Every structure is written in C-alpha cells, then in structure tokens.
Amino acid sequence: MAREPVYDILTGLARTIFLAQGLRIDIEGQEHIPRSGGGVLAVNHTAYLDFMEVGLVGRKSGRNVRFMMKAELEHGIIGFLMKHCKAIGVDRTAGAASYARAVTALRDGELVVVYPEATISRSFELKEFKSGAARMSIEADVPIIPLIIWGAQRVWTKDIPKQLGRHNFPIHIRIGAPIPPAEPADALTATMRTRMNELLENAQRNYPMPERARWVPLRLGGTAPTLAEAAVLEREEMARRRAKAAGRTPHQA
C-alpha cells in the first residue's frame, strides 16, 4: 500500500476515537476484502460516522478505500481531505461524470465505497437499493463486496440523541464473499440486496438489543419506525430542505 500521509493521519484519528469511545468492533469475513484489484464495497447506511468503520476494514487488508462524497464539499478543509484521500465527488447535477470517475477508479484497481440505499435508513432495515453499484461493477468488470455494519446507529444517527462519549458499544461488521459482475444490473442489485440482508441478520444475531430501544428495528422489539414510516419521514425532510433552499417555509413549498 502506497503511503498517503493525509489518509494515514485520518486513520490514526479514527482509531483514537474508537479507543476513546470504547467501541468493541467484531469483524467476520475480513478475508473477503481483496488485497489488490478493484471492487465495489457495498455498505448499508444507518449512521453518520459508519464510514470510519469502513475505512478501518479497508486498512486491515492493506487498502485505502475511496469514498463517494457530495461534490459541494470539495472546498476548504473538507475539500483538501477529499483531494488527498482520493475521494470521488458526486455532483447530482452531473451524475454521469461522477459515475464515470468511479468506474475509472475501479478499473485502476481501487476499492470504491457505495451506499446502495443512498441515504441513512431510519428504520435500520435495508431500504430499496439504487442500481449504481451494480452498474459500476458490470461496466468496470469488478466484483461487489457486500458489507454490513450493525450498532453504529447507537453513536450518531438521524432523530436520536448523539452518544459521542465513552459508551463501550459493540459494533458488528460482517463482510460477504465477492459477488461477480453479471448482467442485467437489476438482477445483480437483487442478489446484492439478498446477500446484504443475510449479513444483516448475521450481524444482529447475538447482539444485545433492549426491548423498545429507539435504535432497534420494530421487528426485533424496538421502536424504530417501519420502512414505510421512515419513507414518510424522509420525504418530509427532503421537502423541508427544498423549501429552505428556495427560501420558503415547508407549507409554502
């Protein structure tokens, strides 16, 4: 692995944070992260800081993973970090260019992180998947490596107070065998979602989940919203964002 000083510093910072919080990280399937060659790292999304666990998984196999991040962050300190960590800026108004950059990175042998759900799941269940990960895999002719993180939502997620101090939370990470690229993209996406759902169930097995906890899915005895209820909350959030961007109150949008 080539030295990347900025990436090295950020990795050290992440490890220090994990140590300070007392996170107990349990990983199964680390051998599925390739030590060389391109691949799409497909990850579930339940928390704001789950990217740090993804970075840790990459480093354990001697890899610096490449994140796809909002292009509007490409300025100031964040822009500096993105540049030196080879992040791929995603411009929603120029999606084809962002997609092409990701495919090029994959062909160049990089591990590119993709969140198929696009946004955080408030239900902590797998949402509907976008097809981007599968299309990238097929076009670049690289495998998809499914990865599930469970427990990170307890630290910082939507609609729940942050727990950034020392809490000793367990974090379960489950990594599946690489899925070969195979057309059509819809079928590959379905296969990826099935594999990730199996990994999610594995990660939840033997994880202590108190009854009626807000960070626990309803089907497991918690009080998180259902997928349908979470979808309504997400639509309301997007409406507020659009209204704010347009300088209107939500009921005027």
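The rules behind each value
Residues numbered from 1 in each chain as written. Predicted model: local features only at pLDDT ≥ 70, side-chain atom pairs only at ≥ 80, totals over all residues. Heavy atoms only, no water. Helix = DSSP H or I, 4+ residues; strand = E, 2+ residues; numbered from the N terminus. Buried < 20%, exposed > 50% of the residue type's maximum accessible area, 1.4 Å probe, protein only. Polar contact = N/O pair within 3.5 Å; in protein donor to acceptor, adjacent residues only side chain to side chain. Contact = heavy atoms within 4.5 Å. Core = buried A, V, L, I, M, F, W, Y, C linked by side-chain atoms within 4.5 Å. Phe/Tyr/Trp six-rings, centres within 6.5 Å; stacked < 30°, edge-to-face > 60°. Lys NZ or Arg CZ within 6 Å of the ring centre and 35° of its normal. Axes fitted to C-alpha atoms, helices over the stretch in contact; angles between N-to-C directions. Left-handed = near helix turned anticlockwise from the far one by under 90°. Nonpolar A, V, L, I, M, F, W, Y, C, P; charged D, E, K, R; others polar. 1 Å grid on protein atoms, 1.4 Å probe; cavity = no way out; pocket = protein on both sides within 12 Å on 5 of 7 lines; lining within 4 Å. Points joined across faces, edges and corners; volume = space filled by probe spheres on them. Pairing = 2+ DSSP bridges.

*Asks:* Looking at this model, I keep getting lost on the side chain of R174. Mind explaining?
*Replies:* Relative to the helices and strands, R174 resides in strand β7 (residues 170–175). Residue classification places R174 among the buried residues on the basis of a relative accessible area of 5%. Among the polar contacts made by the side chain of R174, one reaches the side chain of N202 at a distance of 2.7 Å. Filtering out sequence-adjacent residues up to four positions away, R174 remains in contact with D26, I27, E28, P146, L147, I148, L199, N202 and A203.

*Asks:* Help me out: how do you make sense of the nonpolar core in this one?
*Replies:* Nonpolar side chains in soluble globular proteins generally cluster together in the buried interior. In terms of nonpolar packing, the biggest core is built from 35 residues, with V40, M136 and M192 touching the most fellow members. Among the secondary structure elements, those contributing two or more residues to this core are β2 (39–43), α4 (95–107), β5 (111–114), α5 (132–140), β6 (144–150) and α6 (185–204). By residue number, the principal contributor to this core is α6, which donates seven residues. The contact partners of M136, leaving out residues within four places of it in the chain, are V40, M68, Y99, A102, V103, L106, V114 and D141.

*Asks:* Whenever I open this one, the pairing of β7 confuses me. Can you help?
*Replies:* Look at any regular strand and the pattern is simple: side chains alternate between the two faces of the sheet. Counting buried positions over the six residues of β7 gives six, a clear majority of the element. Here β7 shows a buried face lined by P170, H172 and R174 and a second buried face lined by I171, I173 and I175.

*Asks:* Looking at this structure, how should I read the packing of aromatic side chains?
*Replies:* In this description, a pair of aromatic rings is defined by centroid distance and the angle of the planes. Going through the model one piece at a time under the given rule, you end up with three aromatic pairs. Relative to W156, the ring of Y48 lies with its centre 5.1 Å away and its plane at 55°, an arrangement referred to as tilted. With a gap of 108 residues between them, Y48 in the loop between β2 and α2 (50–60) and W156 in the loop between β6 and β7 connect regions that are remote in the sequence. A centroid spacing of 6.2 Å and a plane angle of 90° characterise the contact between F51 and F67, whose relative ring orientation is edge-to-face. Of this pair, F51 sits in helix α2 while F67 sits in strand β3 (residues 66–70); the two residues are 16 residues apart in sequence, bridging distant segments of the chain. For F51, a relative accessible area of 35% gives the class partly exposed. The exposure class assigned to F67 is buried, which follows from its relative accessible area of 16%. Here the basic side chain of R154 rests over the ring of F169, its NZ or CZ set 4.0 Å away from the ring centre.

*Asks:* Would you take a moment to explain unusual backbone geometry for this structure?
*Replies:* Note on backbone geometry: most residues besides glycine have negative phi, and most peptide bonds are trans. Geometrically, the link from E183 to P184 is a cis peptide bond, its omega value of 0° lying close to zero. Tracing the backbone shows P184 in the loop between β7 and α6. Its identity is not glycine, yet A118 carries a phi of approximately 75°, on the positive side. Here A118 lies in the loop between β5 and α5. Accessibility expressed as a relative area gives 44% for A118, which makes it partly exposed. Positive phi outside glycine occurs at N168, with the angle close to 60°. Tracing the chain through its elements places N168 in the loop between β6 and β7.

*Asks:* Looking at this model, I keep getting lost on the packing of helix α1 (residues 5–21) against α2. Mind explaining?
*Replies:* The description of two packed helices rests on the angle between their axes and on the distance between the axes. Put simply, α1 and α2 touch, their axes get as near as 10 Å, and they point 115° apart. Seen from above, α1 lies across α2 with left-handed handedness. Side by side, α1 and α2 meet where Y7, D8, T11, A14, R15, I17 and F18 of the first sit next to M52, E53, L56 and R59 of the second. Its residues assigned to classes, the contact of α1 with α2 shows six nonpolar, one polar and four charged.

*Asks:* I'm lost on empty space enclosed by the protein in this one. Help?
*Replies:* Empty space among the atoms becomes apparent when a probe as large as a water molecule is rolled across them. As enumerated under the stated definition, the model contains one cavity of 30 Å³ or more in all. A volume near 50 Å³ is recorded for the largest cavity. For the largest cavity, the full set of lining residues is F18, Q21, L23, L49, M52, E53, A152 and V155. Listed by contribution, the elements that provide at least two residues to the lining of the largest cavity are α1 and α2.

*Asks:* Sorry if this is basic, but what is going on with the sheet that holds β5 here?
*Replies:* Strand pairing within a sheet occurs via backbone hydrogen bonds; the two strands may be parallel or antiparallel. Across the sheet, which stays open at both edges, the seven strands sit in the order β1-β7-β6-β2-β5-β3-β4 with mixed pairing between neighbours. What marks the edges here is a single partner per strand, and that holds for β1 (24–28) and β4 (88–90). With direction set aside, neighbouring strand axes in the sheet form an average angle of 25°. Pairing geometry for β6 and β7, over four bridges, is antiparallel. Note that in β7 the partner of I149 across the bridge is I173.

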